[in-house]
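In case you want the letters, here they are:
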Amino acid sequence: MKVRKLGSQGLMVSELGLGCMGMSEFYGAGDEAESIDTIHRALDLGVTLLDTADMYGTGENEKLVGKAIKDRRDAVILATKFGIQRGEDSSFRGINGSPEYVQQACDASLQRLGLDYIDLYYQHRVDPNVPIEETLGAMAELVKQGKVRFLGLSEAAPATIRRAHAVHPITALQSEYSLWQREPEDEILPTVRELGIGFVAYSPLGRGFLSGQITSPDNFAPDDYRQHLPRFQGENFQKNLQLVERVKEIASEKGVTPGQLALAWLLSQGDDIVPIPGTKRRAYLEENVAAAAITLTQQERSRLDEVAPKNVAAGDRYADMSSVNR
């Protein structure tokens, strides 16, 4: 596994990371033993960047990841996030970017993770009621205190990124980016590249759709939240399935899986981009990691550009888009 430079402050990470969210929530029932084995296998394969958040599983995902890396801390670049508050009953309570909450959230994450410091700490969503300068000021204090090494933002708009970066250097901007979500190419990527900020691509497989494994809404478990996302419903589902079929054709010709093709395409978009495909199973992890060895020809990239141009996906990413791109 090669490494990539994330941002301009010296953080080096594996070219593919591992998203851990689905191990605890959102994508059906989890299996702690298999999830921990998957994390260990990722580290064995050279994956260093592990991505979690305090709201995944209402804190349970951080505990799981902390347990998995307890004896392997030096091999891990641990990224977690704060800002989306949930109640003890798992209900969503809104977004909080107040300085007081920044400190509380970080201390709580460190305790759940069982760590002395967090490598990369993101504001999960921008709080529209708190100036970004105040939130970043509190995050910068965490760096001074030695609790956090590098700072990041998630789903922030270009103007917000600039304001935040003026307070303290931002190392990474995390947003959704894939063959069916290419909007970051318009304004986000040019902005972060100008400022020397790395880009971490979440849902690089379109929440599993680009893997080619999802062929019907009936594939989802009853508690799988994708059922509630516009792109996985009704006519949108059928239109998006047509896109996947075209990706599958190109993948078949190349002798790779659709998911591997999608990841190879993303890796080819720039050395400052680090995809973090999520999985809770070793088999899928190994398939994803193998994508790093795939090289695309200019002709293959052009074909994918034709198959998956900007705005190709039918439907919004979320039922409520109000908390993204602020």
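Data block above holds the structure.
Residues numbered from 1 in each chain as written. Predicted model: local features only at pLDDT ≥ 70, side-chain atom pairs only at ≥ 80, totals over all residues. Heavy atoms only, no water.

## Describing the packing of aromatic side chains
Worth spelling out the cut-off: Aromatic rings from Phe, Tyr and Trp, taking only the six-membered ring of Trp, are treated as a pair when their centres fall within 6.5 Å; an angle between ring planes under 30 degrees marks them as stacked, one over 60 as edge-to-face, and anything in between as tilted. Comment: elements are numbered from the N terminus, with helices defined as DSSP H or I runs of at least four residues and strands as E runs of at least two. For every residue, the accessible area obtained with a 1.4 Å probe (protein chains only) is divided by the maximum for its type, and the residue is called buried under 20%, exposed over 50%, and partly exposed between those limits. Consider the ring centre and the ring normal. A charge sits over the ring if Lys NZ or Arg CZ is within 6 Å of that centre and within 35 degrees of that normal.
Applying the stated criterion across every chain, the model contains 7 aromatic pairs. Considering the side-chain rings of tyrosine 177 and phenylalanine 199, the 5.6 Å spacing of their centres and the 80 degrees angle between planes classify their relative orientation as edge-to-face. Residue tyrosine 177 is found in the loop between strand 10 (172-176) and helix 6 (188-195), and its partner phenylalanine 199 is found in strand 11 (residues 198-202); the two are separated by 22 residues along the sequence. When its relative accessible area of 0% is taken as the criterion, tyrosine 177 is described as buried. Linked through ring pairs, Trp180, Phe209, Phe232 and Phe237 together constitute an aromatic cluster. The ring centre of tyrosine 117 lies 4.2 Å from the NZ or CZ of arginine 73, which sits over that ring. Between the NZ or CZ atom of arginine 231 and the centre of the ring of tryptophan 180, over which it lies, the distance is 5.1 Å.

## Observations regarding empty space enclosed by the protein
Rule in force here: Within this scheme a cavity is a closed region of a 1 Å grid, computed over the protein atoms alone, that accommodates a 1.4 Å probe without allowing it to escape, whereas a pocket is open but has protein on both sides within 12 Å along at least five of seven lines; lining residues each have an atom within 4 Å of a point. Grid points are joined across faces, edges and corners, and a volume is the space filled by probe spheres set on the points. Side-chain classes follow a simple rule in which Ala, Val, Leu, Ile, Met, Phe, Trp, Tyr, Cys and Pro form the nonpolar group, Asp, Glu, Lys and Arg form the charged group, and the remainder, Gly included, forms the polar group.
Applying the stated rule across the entire model yields 1 cavity of 30 Å³ or more. The space that makes up the largest cavity amounts to roughly 40 Å³. The element contributing the most residues to the lining of the largest cavity is helix 9 (residues 282-290), with 3 residues. Across the lining of the largest cavity, the residue classes break down as 6 nonpolar, 3 polar and no charged.

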